[in-house]
Amino acid sequence: MALLAQLIDDVVVNRVQINKPELSIGRHPDNDIEISESSVSSHHARLILEPNRTIETINDVYIEDLDSTNGTFVNNMPVNGKHKLNNNDLIRVAWNQFKFVDDVANNESTFEQTVFSINTD
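This text gives an overview of the structure that appears in the document. (Residues numbered from 1 in each chain as written. Predicted model: local features only at pLDDT ≥ 70, side-chain atom pairs only at ≥ 80, totals over all residues. Heavy atoms only, no water.)

A word on unusual backbone geometry
Its identity as a non-glycine residue notwithstanding, Asn75 has a phi of 50 degrees, on the positive side. Residue Asn75 is classed as partly exposed on the basis of its relative accessible area of 39%. Here Ala94, not a glycine, exhibits a phi torsion of approximately 55 degrees, which is positive. Ala94 sits in the buried class, given a relative accessible area of 0%. (Buried < 20%, exposed > 50% of the residue type's maximum accessible area, 1.4 Å probe, protein only.)

Okay, here's the thing in structure tokens:
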């Protein structure tokens with residue numbers, strides 16, 4: 001199962017499993033992942049869990065910035081629209097660092113690439 005590991009100085013301080021179709025991230029208490037910091041918008045970003053188009057047994061996880069003030073970044077690149085996450089991606093929500101971990105998708109990615117190659121040749 002996919003999860004977000006919150007990092008402080010490269011040390012995991014919290015883990016959140018991505019176990020429902022949508023998880024909200026923000027400063028407001030009604031978010032699934034609440035970050036009580038002024039640099040984080042009230043409703044900053046969201047994670048979206050969707051079935052993989054090629055392999056029925058796995059899900060893809062996307063992150064979307066919700067017009068936040070200080071932005072959402074994946075591997076230091078700003079998120080504009082819906083961005084697919086890959087195993088070990090580093091996510092920054094304002095100044096808060098997370099690591100996306102998805103061992104199942106990582107193990108299946110080689111198979112998915114093979115299926116895609118076979119279908120397009």
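Regarding the pattern of salt bridges
With the rule as written, the count across this model stands at five salt bridges. Residue Glu64 is joined to Arg46 by a salt bridge in which the shortest nitrogen-to-oxygen separation is 2.6 Å. Remark: Arg46 occurs in strand β5 (residues 45-51) and Glu64 occurs in strand β6 (residues 59-65); sequence separation between them is 18 residues. For Arg46, a relative accessible area of 25% translates into the label partly exposed. One network of salt bridges, with partners in common, ties together Glu22, Arg46 and Glu64. (Salt bridge = Lys/Arg side-chain N within 4 Å of Asp/Glu carboxyl O. Helix = DSSP H or I, 4+ residues; strand = E, 2+ residues; numbered from the N terminus.)

Some details on the layout of surface pockets
Taken as a whole, the second largest pocket holds about 160 Å³ of empty space. Lining the second largest pocket are 12 residues, with Met1, Ala2, Leu49, Asn59 and Asp102 sitting closest to its centre. Secondary-structure elements contributing two or more residues to the lining of the second largest pocket are β6 and α1 (103-120). Its residues assigned to classes, the lining of the second largest pocket shows eight nonpolar, three polar and one charged. (1 Å grid on protein atoms, 1.4 Å probe; cavity = no way out; pocket = protein on both sides within 12 Å on 5 of 7 lines; lining within 4 Å. Points joined across faces, edges and corners; volume = space filled by probe spheres on them. Nonpolar A, V, L, I, M, F, W, Y, C, P; charged D, E, K, R; others polar.)

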